Amino acid sequence: MTAPKLGQRLAVFILIGVFAGSTWQVFRRHERSSSPHVIEIQLGHWLLHTGMREAFDAAIAGYQAIHPNVRITQIPVPVKSYAAWTRTQLVGETAPDLTGMLTLNEELISRYYLPLSPYLDQPNPYNAGSNLESVPWRDTFIDGLSAMRNLTPTSGEICGVTLQLNSLRLFYNKDLLHEITGVDTPPANFSELMKIGRQVAAYNQRTGQRLVTIAGCGPYARQLFNLLLPSQTQKLTLELSPSRNLRVTSLELAALILEGKVDYDTPEFRNSLNLMRDVSTLLTPGYMQVQRDEAISAYLQQNALMFFAGSWDYAILAADGQFTTGMTPLPLPSPDDPVYGRYVLGPVSEAAGYPEAMLGIIRHSSHPEVALDFLRYLTSRKVAADFSRISHRISSIIGTLPPPDAGQLGPRLQGGINGFTVDFGWFGADLTSNFFQRHIHTATGPHADVPAFARLLNTEIPGYLRQDIARQLTRVKRDIQRLDATIAFQLTLPADAPVRSSWTRHLETQHLRQVDILSYSRYVEP
């Protein structure tokens, strides 16, 4: 037999084998799902960081041990493709029974996820025997699930739970820090952080090395600025807050700028830009083009003294680092800082945290009662503790101890109000924010020109703000229309229906949205 014919036959046999295997898998899956003795549900998520899949596997094994008739399949999807994957699965009604809520807006959540509100006032049965035994499920979470409610502010319904809280930390190489500074304790404030930057520069000059103070990358640098810069607008927030609620929203700030009450020459704004300039000198040169994996690699290879990142990255640092990694909250300017202390109130509380592992039950789930039961199991005290230990993350469940080697990842619960950022991130159509980010290089790095950047912003920003306000109000109008339908439906329900009583809350929300339309429509046109 000639070689070409042998190759053709081999290819045919391979195709037959693949087809037979696929047919068998489909048959087995159909057999399992159609069996009256086996209930199969799926869990889809984006949490591929070190330790997360292992933590889910352990929780699934524990649940199946006490529920032998249930089979749970984990479907991890890379974060870069997760947004597109989720939307495709939701629209096609093929999403897993439990699907993570990353990047989803209120409209998608309300349409495709089951409200959990009816169950949140009941105790979690899997907390039996603990001091949370009689505590309502919602109150077993550190934030009372306020982060999940913020995902659906219009309806006020809670459609999911969060398994963990993220925190942002400055990780540092203890051995290298001691070699450079003589101590292995982290900087306590921004002034001390800048001093370490100067010590690193002196160390490089003395040894001929090219050590970077903080391994930076584009995505994490923006989070660093968003954490650092609001220190300069803390006092201004108290003065400017239109609603007197100790905060200034992007919509409110846009109106203040268009009215001429503040601009980028306002001392607090200028200090924010100066602070951004100073901290950028500690980051990897060209950090905006650096990717996360490159920054991690630079830190692990000891080409950088520090690495600013989220708690989600700690597991890989602990597993792959050949040195001892310490961690500390990002050092912010203190009120007595000679340069940046004038407008500072003090440390900011992290009690709200950054929700992670947000999971909800899909409306078209064939077994929503099993999915709900597994969600309760995942968020019970005992399982949450094991999940935290395996994943090296902080649990969102009250009283759950942090991983033994990562106590500093826990949120700082004491502190005051935060200020606002001056870059308008995630507002309207993001036109203002995109303009800011496109020209941020003007105000960062060794050749920064903050006055030129401020002049550019003062000239160009107003036009972008008007467009962003228009887009924001378009969304508000859609919210009002959805609330019309929701309120009308609730009023058709019997008087004793539990859901009917929510119509007043939804009506109040609708009135607030209408106030936004009346208050901010005049800013759309010059």
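This text follows the structure it describes.
So, how was this worked out
Residues numbered from 1 in each chain as written. Predicted model: local features only at pLDDT ≥ 70, side-chain atom pairs only at ≥ 80, totals over all residues. Heavy atoms only, no water. Pairing = 2+ DSSP bridges. Helix = DSSP H or I, 4+ residues; strand = E, 2+ residues; numbered from the N terminus. Axes fitted to C-alpha atoms, helices over the stretch in contact; angles between N-to-C directions. Contact = heavy atoms within 4.5 Å.

(A) Examining the sheet that holds strand 6 (residues 212-215) more closely. Pairing in this open sheet of 4 strands is mixed, and the strands run 6-7-5-8 from one edge to the other. Here the strands that pair on one side only, and so sit at the sheet edges, are strand 6 and strand 8 (325-328). Recorded for the sheet is a direction-independent mean angle of 25° between the axes of neighbouring strands. Two strands pair when backbone bridges link them, and strand 5 (residues 168-173) and strand 8 are joined in this way by 4 bridges, in the antiparallel orientation. Each residue of the ladder has a partner; that of Tyr172, found in strand 8, is Gly326. Sheet contacts for helix 7 (residues 174-181): strand 5, strand 7 (304-310) and strand 8; angle to strand 5, the most-contacted strand, approximately 65°. With respect to the sheet, helix 9 (residues 218-228) is in contact with strand 5 and strand 7, its orientation differing from that of strand 7 by roughly 80°.

(B) Molecular detail of the sheet that holds strand 3 (residues 98-100). The 6 strands lie next to each other as 2-1-3-9-4-10, forming an open sheet whose pairing is mixed. The strands lining the two open edges of the sheet, one partner per strand, are strand 2 (70-76) and strand 10 (394-395). Bridging between strand 4 (residues 161-166) and strand 10 involves 2 bridges; their strand directions are antiparallel. Looking at the pairing, Gln164 lines up with Ser395 of strand 10. Contacting strand 1 (39-45), strand 2 and strand 3, helix 3 (residues 79-91) crosses the sheet at an angle of about 135° to strand 3. Helix 15 (residues 368-378) rests against strand 1, strand 2, strand 3, strand 4 and strand 9 (354-361) of the sheet, and its axis sits at about 155° to strand 9.

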